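These are the residues of each chain, in order.
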Amino acid sequence: MSLIRWQMILGMAVSLATTPALRAQQPAPRIGYVYPAGGQQGTTFQVVIGGQRLKGLNEVFVSGGGVQAIMLERARPLTPQEFTEYLELKAKVDALEAKRLSSSQAGKPAAPHGEKGKTQPAANAPGGTAWTPEDGKLLSETRQKLAALVRKPGGAVRKAPTPALADILVAQITVAADAEPGPREIRVAGQSGISNPLAFLVGQVTEFSEVASETITQVKSVIQKSGERPQTSNPKTEMTVTLPATINGQVLPGEVNRYRFAAKKGQRLVIAVSARQLIPYISDAVPGWFQATLSLRNAQGKELAYADSFRFNPDPVLSFEVAEDGEYVIVIKDSLYRGREDFVYRITVGELPFVTGIFPLGGPVGAQTTVEVMGWNLPSSKLVVEGKDKAPGVRQLSVSKDAYISNVVPFAMDTLPERLEEEPNNAPETAQRITLPVIINGRIDSPEDTDVFCFEGRAGDAVVAEVIARRLNSPLDSALKLTDASGNQIAFSDDYADKGEGLMTHQADSYVKATLPANGVYFLVLNDAQHKGGMEHAYRLRISAPQPDFGLRVVPASVSARAGKAIPLTVYALRKDGFAGDIALSVKDVPEGFNLSAATVSATQTVARLTLTIQSTISALPTALKLEGRATIQGREVSHLALPAEDMMQAFEYRHLVPATELKLAMTGSYKIAGPPKILSDLPVKIPAGGMARVRIAAATIAFSNKTRFELANAPEGITIKKVSPSRDGGEILLQCDAGVKPGQKGSLTVTASTGKPMPPNKTKVPSGQHPITTLPAIPFEITQK
């Protein structure tokens, strides 16, 4: 229940001893949680950051303006050797304490006159032993050794129940009074690289945290005094807050947290939890995130309201009108009573504006759109959105009341003609007649509602019909059917997966693409697959010829690079409406010395693996990178920036591309690698199906021997390394292709060099005992006829 949990005081974590050259190749730093995960405008406070491989990180960065951060200190777990020593010393202290206690209870001699309180050794102590001055001296010396163990720089004896949370950093955050409220990203960086980003929220109301004044320094001070775990008495199980407030907390196994506040009759309170918003996915827990439950009770403990989600969003939200003056209690816990340090939450409560829905969900570029706003504590039910000089895409809308800004909701803008759905249109006989292309803004008004549209089509026409609703925060779970005039089904779609929507676990929008079989009238039938409806079940339905396009995601969102060393990147191409062309990649607005290898997503690829090599050292501070993709579509050049993302695992299995706002690069080390590897063979390497191809590598720093292991990372099926042999200027890799691989396939190969154990098939985690040396520049390839 405190900023630094006492249960973290005992334990250990393994630290690998490697040479400096190998250590530079270890995985990048990773942070698992930040607590508190935000702060109020105009305040200064401390945060705790837990993660892995945080040694040597001395900088904290928060995206956006108005937030400054200073690293205070690091508390690492003891090494295995130190921890063994700790256990031995602790056991010796315990044995001596037991001996002293036993001796005192057995003898209990009276103190001599004039020496009040001084006890003498008991002659009849168990085992024939008695407490002696030598025992007292030994106890004192052992205690001093125990305390000295955790006085080492960065040292702390802590229990880390999860290796991913083993390292702890403490930072001081200052949020300017005029800092823009809303979500930011926080990272830590230093000589060993830059971490992944985590959410950090800037709030407007007074913040409360569980024992927020406690720091690592205080924890270490207590340990150094006694060498033992502090004992707490009368733990605080309930905190009193004043509204409006943001409450910061963490949930440990079995914990239930309670917060008491006073409210007056007639107040319309909004109680909104941010938990999954802070840490979208947890790889080693089911369902894959902290599933908070929220309850509101009166002073007598009677439950007045409950929520375990808000529609399809796992983070619960309550709206409650206070019936009488008095005290009320918020209760939050995990739905399965799980918990650990990364079960972090923020609860914002007060008479604050909250938008539950808008209509329409979008509007045309170049024109104004009047939007109906639904929700609680709103200043108005209407909002005018200006589309002049705006580009197509999704923007975020919010409203404000009494200087408090609401949550944000997405609003789409497009260049196609738009119109509103018109009732009645529940059956083919009353279908709304439309002309293509068009975007229809409508809603499923009730569970029984069905919206039907008809249009004229010609034989051979390609038609796309796409529902955009869930991706725009609508609760609609659409089902879409295309039929001919006789009612024969041509195409149907329920849930269409958009890989770019990494925060969605239920992709509920629909998409159909079909070639019309004949001239005539066609119908589109749209309803809710779960037979639900209402004012907020809105949608945008695009009906048009295919509009080929693409989006890009680049992983990871934080890149740690050493000058001269190839850094692997993965680019995902989100191909739209059948686009099947090459996408050329480049790094924008950077100085000379940046080189992308295999910088093309070929027409047959949706995933490309490339490498970035930086030949000259840039600023030590993290630098924002922009990766751009260009393609020719229907005779015109189209370009899009790649959006950074983190490849996150959910519940041991599922993977999601979670978007980030910035792609950050940090340089590591202070020197450039001599003679970085180079590909000497002609590119792309042409590998015959059922045959082999040789790739010559110039790499003076790599030993092409039995001690060095070369492996393909995430290679296409059927392509393997047959043999590796040394040469005068480096080495040669013999690639082999199975006969069943289809000629014409293009892509890139990423080769890693390491020592130790081989990488298990289809695994990305470096096994214990394997020490990465380097990654070779990505090798473009093409499969040819043998």
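In this convention, every chain numbers its residues from 1, walking through the sequence in written order. The predicted nature of this model means local features are confined to residues of pLDDT at least 70 and side-chain atom pairs, given and counted, to a pLDDT of 80 or more, with totals for whole chains, interfaces and linings taken over all residues. Hydrogens are left out, water is left out, and the side-chain values use all remaining heavy atoms of the structure.

*Asks:* Residues and numbers for the overall build of the chain, please.
*Replies:* Secondary structure counts use DSSP, requiring at least four H or I residues in a row for a helix and at least two E residues in a row for a strand, with both numbered from the N terminus. Scanning the chain for helices and strands turns up four helices and 58 strands. Sorting the 786 residues of the chain into buried and exposed places 51% on the buried side. Here, residues are in contact when the closest pair of their heavy atoms is within 4.5 Å. Contacts in the chain between residues far apart in sequence, at least 24 positions, make up 71% of those at least 6 positions apart. Working definition of accessibility: Shrake-Rupley area with a 1.4 Å probe, residue cover restricted to the visible protein chains. On the chain, roughly 36200 Å² of surface is accessible, and the fraction owed to carbon and sulfur atoms is 52%. Note on exposure labels: buried denotes an accessible area under 20% of the residue type's maximum, exposed denotes more than 50%, and partly exposed covers the range between, all computed with a 1.4 Å probe on protein chains only.

*Asks:* Kindly report on the sheet that holds strand β31 (residues 451–457), identifying the contributing residues and their values.
*Replies:* Strands pair, by our definition, only if DSSP identifies at least two bridges between them. Read from one edge of the open sheet, five strands run β29-β31-β36-β33-β34, paired in mixed fashion. Pairing within the sheet leaves two strands with one partner each, and these edge strands are β29 (432–433) and β34 (489–493).

*Asks:* For the side chain of T293, give the residues involved together with the corresponding values.
*Replies:* Structurally, the position occupied by T293 is in strand β15 (residues 292–298). When near neighbours in sequence (up to four residues on either side) are disregarded, T293 contacts Y306, A307, D308, V331, I332, K333 and S335.

*Asks:* Summarise the packing of aromatic side chains; cite the residues concerned and give the values.
*Replies:* Two aromatic rings from Phe, Tyr or Trp, using only the six-membered ring of Trp, form a pair when their centres are within 6.5 Å; if the ring planes differ by under 30 degrees the pair is stacked, by over 60 it is edge-to-face, and anything between is tilted. Following the criterion strictly, the structure yields twelve aromatic pairs and no others. Taken together through their ring pairs, the aromatic side chains of F261, F320 and Y328 make up a single cluster. It is R276 that lies over the ring of W289; its NZ or CZ is 4.7 Å from the centre. We call a charge positioned over a ring when the NZ of a Lys or the CZ of an Arg lies within 6 Å of the ring centre and within 35 degrees of the ring normal. The lysine or arginine in question, K333, covers the ring of Y337, its NZ or CZ lying 4.5 Å from the ring centre.

*Asks:* So, the pairing of strand β22 (residues 368–376): which residues are in play, and what are the values?
*Replies:* For strand β20 (residues 354–359) and β22, the ladder comprises five bridges, and the chain directions are antiparallel. Paired with F359 across the strands is E372, a residue of β22. Bridge count between β22 and strand β23 (residues 382–386): five bridges; the pairing is antiparallel. Along β23, the bridge assignment pairs E372 with K382. As consecutive antiparallel partners, β22 and β23 are separated by five residues, and within that stretch N377 has a phi angle of approximately 55°, a positive value.

*Asks:* Residue-level account of the pattern of salt bridges, with values.
*Replies:* By definition here, a salt bridge exists when the distance from a side-chain nitrogen of Lys or Arg to a carboxyl oxygen of Asp or Glu is within 4 Å. The tally for this structure, following the rule as stated, stands at 30 salt bridges. Here R187 and E185 are joined by a salt bridge, their closest N and O atoms 3.3 Å apart. The exposure classification of R187 matches that of E185, with both residues buried. Across the pair E466 and R471 runs a salt bridge, and its minimum N-O distance is 3.2 Å. Per residue, the accessibility class of E466 equals that of R471, and both read buried. Residues joined in a network through salt bridges with shared partners are E466, R471, D498, D509, R542 and D577.

*Asks:* Describe in detail the sheet that holds strand β24 (residues 393–397), supporting the description with residues and values.
*Replies:* Strands sit in the order β21-β27-β24 across an open sheet of three strands; the sheet is mixed. Two strands bound the open sheet, and with one partner strand each, they are β21 (362–364) and β24. On average, each strand axis in the sheet is tilted by 30° relative to the strand beside it, whichever way the strands run. As judged from the five bridges shared by β24 and strand β27 (residues 409–414), these two strands associate in the antiparallel manner. Here, axes are lines fitted to C-alpha atoms. For helices the fit covers the stretch in contact, and angles between N-to-C directions go from 0 to 180 degrees.

*Asks:* Lay out unusual backbone geometry in plain terms, naming residues and giving numbers.
*Replies:* Along the chain, E423 connects to P424 via a cis peptide bond; the corresponding omega equals -5°. Along the chain, P424 falls in the loop between β28 (418–420) and β29. For the bond running from L683 to P684, omega is 0°, close enough to zero to count as cis.

*Asks:* Tell me what's going on with the environment of R74, and back it up with residues and numbers.
*Replies:* Residue position: R74 is located in strand β5 (residues 67–75). Polar contact criterion, stated in full: a pair of N or O atoms within 3.5 Å, where within protein one must be able to donate a hydrogen and the other to accept it, and residues adjacent in sequence count only if both atoms are side-chain atoms. Looking at R74, its side chain comes within polar contact range of the side chain of D167, at 3.0 Å.

*Asks:* Would you mind going over the side chain of S406 in detail, with residue names and values included?
*Replies:* Inspection of the secondary structure puts S406 in the loop between β26 (404–405) and β27. S406 sits in the buried class, given a relative accessible area of 7%. Ignoring sequence-local partners within four residues, the contact set of S406 consists of P353, F354, V355, S398 and V399.

*Asks:* Give me the pairing of strand β45 (residues 623–633): which residues, what numbers.
*Replies:* Note: strand β41 (residues 583–588) against β45, five bridges, orientation antiparallel. Bridged to K588 within β45 is K626. Sheet topology note: the β45/strand β49 (residues 663–667) ladder contains three bridges and is antiparallel. Bridge pairing links L625 to L663 in β49. One ladder, built from six bridges, connects β45 with strand β46 (residues 636–641); its direction is antiparallel. Residue pairing across strands places T632 opposite E637, the latter belonging to β46. What sits between β45 and β46 in their antiparallel hairpin is a turn of two residues, with Q634 showing a positive phi close to 50°.

*Asks:* Explain the nonpolar core to me, and be specific about the residues and the numbers.
*Replies:* Within this scheme, the nonpolar core is defined by two criteria: the residues are buried Ala, Val, Leu, Ile, Met, Phe, Trp, Tyr or Cys, and they are joined through side-chain atoms within 4.5 Å. L296, I330 and I347 are the most contacted members of the largest nonpolar core, which totals 43 residues. Counting 30 residues, the second-largest nonpolar core is a separate cluster that includes V559, A573, L627 and V638.

*Asks:* Quick one: what's the story with the confidence of the model for the chain, residue by residue and with numbers?
*Replies:* Per residue, pLDDT captures the predictor's confidence, and it can take any value from 0 to 100. On average, residues of the chain carry a pLDDT of 85, and 83% of them reach 70 or more. Scored below 50 in pLDDT, residues 212–236 makes 46 contacts in the model with residues more than four places away or belonging to other chains.

*Asks:* I'd love a proper account of the environment of V93, names of residues and values included.
*Replies:* Along the chain, V93 turns up in helix α2 (residues 80–107). Looking at V93, the relative accessible area reads 1%, which means it is buried. Residues V93 and L138 lie 45 residues apart in sequence; the distance between their C-alpha atoms is 8.9 Å.

*Asks:* Can you tell me about the environment of A130, naming the residues and giving the values?
*Replies:* If you trace the backbone, A130 turns up in the loop between α2 and α3 (133–149). Sequence spacing of A130 and S103 is 27 residues, and the spatial spacing of their C-alpha atoms is 5.7 Å.

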